[in-house]
Amino acid sequence: MAEKNHPNYSPGLEGVVAGLTKISRVDPDKQVLTLRGYDATELADQASFEEVAHLLVVGHLPNKKEKENFTKDLGVGEHLNEDMIALFKAMPKETHPMDALRTGISFLAGSDEDVTNNSHDENIRKAKRLLGATPEIVATSWRVLQGKEPIEARSDLSIAANFLYTCLGEVPDPLTEKLFNASLILYAEHGFNASTFSARVIASTLSDIYGCVTGAVAALKGPLHGGANEEAMKVLLQVKDVKQAEERVLKAIATKEKLMGFGHRVYKNGDSRVPTLKKLGSQYAEAKGDTKWRDIAQVMEDVMVREKGIHPNVDFPSAWIYYQMGIPIPLYTPIFAVARMSGWCAHIIEQHDANRLLRPSCIYEGPEYKSYKGLA
Ligand SMILES: CC(C)(COP(=O)(O)OP(=O)(O)OC[C@H]1O[C@@H](n2cnc3c(N)ncnc32)[C@H](O)[C@@H]1OP(=O)(O)O)[C@@H](O)C(=O)NCCC(=O)NCCS
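Quick caveat, the model's predicted, so the values are computed rather than measured. (Residues numbered from 1 in each chain as written. Predicted model: local features only at pLDDT ≥ 70, side-chain atom pairs only at ≥ 80, totals over all residues. Heavy atoms only, no water.)

Here we take up the state of the cysteines. Overall, the coordinates contain zero disulfides when judged by the stated rule. Its sulfur unpaired, Cys212 is 9.1 Å from the next cysteine sulfur, which belongs to Cys345. (Disulfide = S-S within 2.5 Å.)

Structural data, given as structure tokens:
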């Protein structure tokens, strides 16, 4: 949307086309997200996160053999060594898991012998390493910072099950694993969002993939982006029951408080990922015999839509679903990072494969020319 005095300037780059991509299509009118042509909601319902990561990074859905090889290449349980654990032990106990993840990824770069080689094949090799290492960095740093022993990932478990197992110490039941897997797929990729765009800007300088995803993690942490799922849960927790839900939203509207987990730059009539996540979350809540959070979230959504026409984004259902699964709140944004690592890597590869430095312009609004007079 152009500014009145500056027709070529769009604050927040809203509506600006900043690149071409073959990775995903976000269609706000039809409320559809497709990943390399496949409907993300269909994938979330039926595929594994490993298959979707292969689709994004390698470029097509794998067959059985390709999936097996891809999973092997992720090197489950092989990324954490004593040095990495010592690094987490040296961190202040209050370190947020997203900051630990950022540091862990930087640390990983040092042990890659071919770190600056941005060729297509080398980038795919590094993307697999990052996909395998990210959940292990999150789980291990989380446990070490809590003063707990790290848990080694198991090669017989899926990425979804392993993540919950290595963070929480229990292998999830099939229903929990299925829903968690679906949430990873719905978080995996979403066009030129802020963290992906940050990664592409860094990639466009021909910086290496580790640096690109480190920058992306920093961008994702912000509450206007991935950090919204943690903030949304903190607000949900202020609501004790369904009766208080309407009141809480009305108070936010009256005080012009931004409710995290609502609104979106691209989707103005609803986030394509929300109906599927809500449906699966609702089935889960019913199967577990506790629909409290689903019901509170629904009232808040209804009031927000009725009063402001603002719909929930994917971070709103994710928040209460992860809470119902018993996942600690500081892990919500890192989970987003575990999933989005696949999309980031795909975009970095695409950028490196056909690069042009991303370097926009700005309009100067400061003082006119002044001459230097020396120290008074
Ligand atoms: C995501 C977000 C930054 C997109 O915003 P945007 O396209 O820049 O839209 P704006 O911030 O300009 O908002 C437009 C209007 O809707 C309101 N609005 C947008 N999101 C809102 C929210 N979550 N709660 C309350 N009001 C909201 C704004 O206050 C603004 O109202 P105004 O015109 O009266 O000033 C914004 O919706 C937001 O901050 N949401 C909360 C954070 C979040 O959930 N992020 C995850 C996104 S996936």
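This is not the end of the story, as more comes after the structure.
Considered domain by domain, the chain is made up of domain 1 (34-223 + 328-353) and domain 2 (228-324). Distance from the C-alpha centre of domain 1 to the C-alpha centre of domain 2: 26 Å. Taken together, the contact pairs 25 residues of domain 1 with 27 residues of domain 2. Regarding the contact of domain 1 and domain 2, the summed buried area is about 2100 Å², with carbon and sulfur atoms giving 63% of it. For the interface between domain 1 and domain 2, the tally reads two salt bridges. Across the pair Lys279 and Asp45 runs a salt bridge, and its minimum N-O distance is 3.0 Å. Our count for the domain 1 to domain 2 interface comes out at 14 residue pairs in polar contact (both at pLDDT 80 or more). Breaking the side of domain 1 that touches domain 2 down by element, the ones donating at least two residues are helix 1 (40-46), helix 8 (174-187) and helix 16 (332-353). Top contributing element to the side of domain 1 that touches domain 2 by residue count: helix 8, with eight residues. (Domains from an automatic or database assignment. Contact = heavy atoms within 4.5 Å. Buried area = accessible area lost by both parts, 1.4 Å probe. Salt bridge = Lys/Arg side-chain N within 4 Å of Asp/Glu carboxyl O. Polar contact = N/O pair within 3.5 Å; in protein donor to acceptor, adjacent residues only side chain to side chain. Helix = DSSP H or I, 4+ residues; strand = E, 2+ residues; numbered from the N terminus.)

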